[in-house]
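# A closer look at the structure
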Amino acid sequence: MAARETPSTHGHSNSHLWLVGLIGVAAGLILLIYVPSLPGVSGTILLFGGFHLVGALVLLASLYVMAGNRLARGLPGRTRRQDTKDFDFGWAPAWSLGPWIAALILVAIAVAVQVATPAYWPIAMMLTLLAANCFAGGLIARTVGRYEHAALPMVDLLSSDTGVVLDAGCGAGRTTIALGRALRSERIVALDRFDSNYIEGGGRALLEQNLRLAGLTARVDIEFGDLTALPFPEGRFDAAVSAHAIDHLGPQKEQGLREILRVLKPGGRFLLVVWVPGWTMFAIVSVLALLFSGKGAWRRMAESAGFELCDEGMLNGNWFVVLKKPAGSGR
């Protein structure tokens, strides 16, 4: 396994993790200080003490969401991670705990509304239903992080049994492992900036560990690089895959697509897997799912970048599309 280290030139702010944590801190303080003073709550010892307890739990959990990985890295024994026999994709606490924290907050507010202002019971009911939705989203989030869910759709990606495939935005290796399981002889290049604060340590050490456990070390080259300025010459790859990475580029999503097109050989195919608005994403991130780019927007960006659309579908609540670099394209 070869690795070429180049400095990262673009940082990830990932401010959404801090936003999740700050919202949770605010909600925890409200449940801890304000809600116990409401009529109907303050007069019952069980409710009075219960909301203090729930508020404290929400407050502590939200603080952990903001700094959980940093705290974990400082604990004794973390250096033994490389000896583990389990795959670990290092997702931050905000991903696995966030929906459950939201469910706890919504249930607590629903109880407060029902006790303090019974006439507003429809609001309490709606909050309870949203809490159930968030709880289900937490189960989904924890499930998809397991090794057995490291899978890709069965699509026509390569025209031969040999070739070089790019995993663009590999993170801790979930997609790289899926490629290794599906393609038995091809060489894989796993690229990332390894600076995301929603993956423990940025993902580099976890990627190496996971590749070793999967028996893929000899077949994978690790490269440092930015999705909007790939460190490869034109036409370097026979195929490419990017799962849950380009959709994190914000206004630079189309630039990321153009870079993938550039490094593909003419006729090369690109499997793109992204989050789109839908029930699965709504269960995980609630109304924030409405901010995701839809299928139509992704099709327009791909066509604008120069791709031809070959196939599309859904896998585990995610949308995938197979794009092709035109055979006569010189870009």
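My aim in this report is to walk through the structure given alongside it, one point at a time. On a predicted model such as this, the values are computed, not experimentally measured, just so you know. (Residues numbered from 1 in each chain as written. Predicted model: local features only at pLDDT ≥ 70, side-chain atom pairs only at ≥ 80, totals over all residues. Heavy atoms only, no water.)

So, on to the pairing of strand 8 (residues 318-324). Of all 7 residues in strand 8, 6 are buried, a share of seventy percent or more. The sheet contact formed by strand 6 (residues 264-274) and strand 8 spans 6 bridges and is antiparallel. Paired with Val273 across the bridge in strand 8 is Phe320. Across 7 bridges, strand 7 (residues 308-315) lies against strand 8 in antiparallel orientation. Bridge pairing in strand 8 places Leu309 opposite Leu323. Between strand 7 and strand 8, which follow one another and run antiparallel, lie 2 residues, and Asn316 among them has a positive phi close to 55 degrees. (Buried < 20%, exposed > 50% of the residue type's maximum accessible area, 1.4 Å probe, protein only. Helix = DSSP H or I, 4+ residues; strand = E, 2+ residues; numbered from the N terminus. Pairing = 2+ DSSP bridges.)

Attention now moves to the packing of aromatic side chains. All chains considered together, the criterion is met by 5 aromatic pairs. For the pair Phe270 and Phe307, a centre-to-centre distance of 5.8 Å together with 35 degrees between the ring planes defines the contact as tilted. Residue Phe270 is found in strand 6, and its partner Phe307 is found in the loop between helix 9 (295-305) and strand 7; the two are separated by 37 residues along the sequence. Neither residue differs from the other here; Phe270 and Phe307 are each classed as buried. Ring centres of Trp275 and Phe292 lie 5.5 Å apart, and the angle between their planes is 45 degrees; this geometry places the pair in the tilted category. Here Trp275 is found in the loop between strand 6 and helix 8 (279-285), whereas its partner Phe292 is found in the loop between helix 8 and helix 9, with 17 residues between them in sequence. Accessibility expressed as a relative area gives 17% for Trp275, which makes it buried. The ring centre of Phe237 lies 5.1 Å from the NZ or CZ of Arg236, which sits over that ring. (Phe/Tyr/Trp six-rings, centres within 6.5 Å; stacked < 30°, edge-to-face > 60°. Lys NZ or Arg CZ within 6 Å of the ring centre and 35° of its normal.)

Function cannot be read off these values alone, since they describe shape.
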